[in-house]
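# Summary of the model geometry
One letter stands for each residue in the lines below.
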Amino acid sequence: YELSDQEKAEGYQVLFDGTNMHNWVGNTQDYIAEDGMIVLYPFNGHGGNLYTKEEYGDFVFRFEFMLTPGANNGLGIRTPMEGDAAYVGMELQILDDDAPIYSELEQWQYHGSVYGVIAAKRGALKPMGEWNYEEVYIKGNHIRITLNGEVIVDGDLAEASKNGTIDGKQHPGLLNKSGHIAFLGHGSVVKFRNIRVKRL
């Protein structure tokens, strides 16, 4: 994968060019480079986490992903490498929303939601087997998530948590100024490609 001229001019950097995992640490056994993609083949039904080597504070992160039926993964942002990223950092859901097993979830558990904090708008995922394109913009407390051209989250993290979070749990990671970006495995095969980031 190579950046477009526009992305080069805007200051994006490639985090995965399709050939090597040099920018990533963590579970590089289950997340592997294959056919220009990062593919998670969860061993022992878990999958573990894959983290960027560098830390990022305010940024725009762009990537493509393909789900498998019932797939569950997450995008960790501003997260340390230890602990549950959904709480010690933030977890943006990556989920097959339409799978029957997820019909009873809370609104803040569906794809694109800031887990436990801000619920995403549903209905923008492509049909199973197609590539989805997502952009995450975060600056200070403002987070905006765009899925396949549709804004599914546009919120303020401080505002959303000032009277407690919607899941009623402590999310100390909301106060983090920076941290790693991570793919958070939950035991499902998921494919990623064309991964790039721009610091703000």
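In case you missed it, the structure is sitting above this.
Below is a summary of the structure that appears in this document. (Residues numbered from 1 in each chain as written. Predicted model: local features only at pLDDT ≥ 70, side-chain atom pairs only at ≥ 80, totals over all residues. Heavy atoms only, no water.)

The next point concerns unusual backbone geometry. Positioned with a positive phi, Asp35 is a non-glycine residue whose angle comes to about 50°. Positive phi outside glycine occurs at Asn148, with the angle close to 50°. Within the secondary structure, Asn148 sits in the loop between β10 (142–147) and β11 (150–156). (Helix = DSSP H or I, 4+ residues; strand = E, 2+ residues; numbered from the N terminus.)

Within a regular strand, side chains alternate between the sheet's two faces. In terms of strand pairing, strand β2 (residues 24–26) meets strand β5 (residues 49–52) through three bridges, oriented antiparallel. Paired with Trp24 across the two strands is Thr52, which belongs to β5. The sheet contact formed by β5 and strand β12 (residues 180–185) spans three bridges and is antiparallel. For Leu50, the partnering residue across the bridge sits in β12 and is Phe183. (Pairing = 2+ DSSP bridges.)

With that out of the way, let us pick up the sheet that holds β5. On the basis of which strands lie adjacent, the open sheet formed by five strands has the order β2-β5-β12-β7-β8 and antiparallel pairing. Only two strands of the sheet have a single neighbouring strand rather than two, namely β2 and β8 (90–95). The sheet shows a mean angle of 25° between the axes of neighbouring strands, taken without regard to direction. (Axes fitted to C-alpha atoms, helices over the stretch in contact; angles between N-to-C directions.)

Within the secondary structure layout, Lys177 lies in the loop between α3 (157–161) and β12. Residues in contact with Lys177, not counting those within four places in the same chain, are Gly57 and Arg78. (Contact = heavy atoms within 4.5 Å.)

What follows covers the layout of surface pockets. Within this model, the largest pocket holds a volume of roughly 240 Å³. Every residue lining the largest pocket is counted, 18 residues in all, and those nearest its centre are Asp84, Glu91, Leu184, Gly185 and His186. Put simply, the parts of the chain that give the lining of the largest pocket at least two residues each are α2 (85–88), β8 and β12. Across the lining of the largest pocket, the residue classes tally to eight nonpolar, eight polar and two charged. Space inside the second largest pocket adds up to approximately 170 Å³. In terms of lining residues, the second largest pocket is bounded by 13 residues, among which Ser161, Thr165, His171, Leu174 and Leu175 are the most central. Of the residues in the lining of the second largest pocket, the class split is five nonpolar, seven polar and one charged. (1 Å grid on protein atoms, 1.4 Å probe; cavity = no way out; pocket = protein on both sides within 12 Å on 5 of 7 lines; lining within 4 Å. Points joined across faces, edges and corners; volume = space filled by probe spheres on them. Nonpolar A, V, L, I, M, F, W, Y, C, P; charged D, E, K, R; others polar.)

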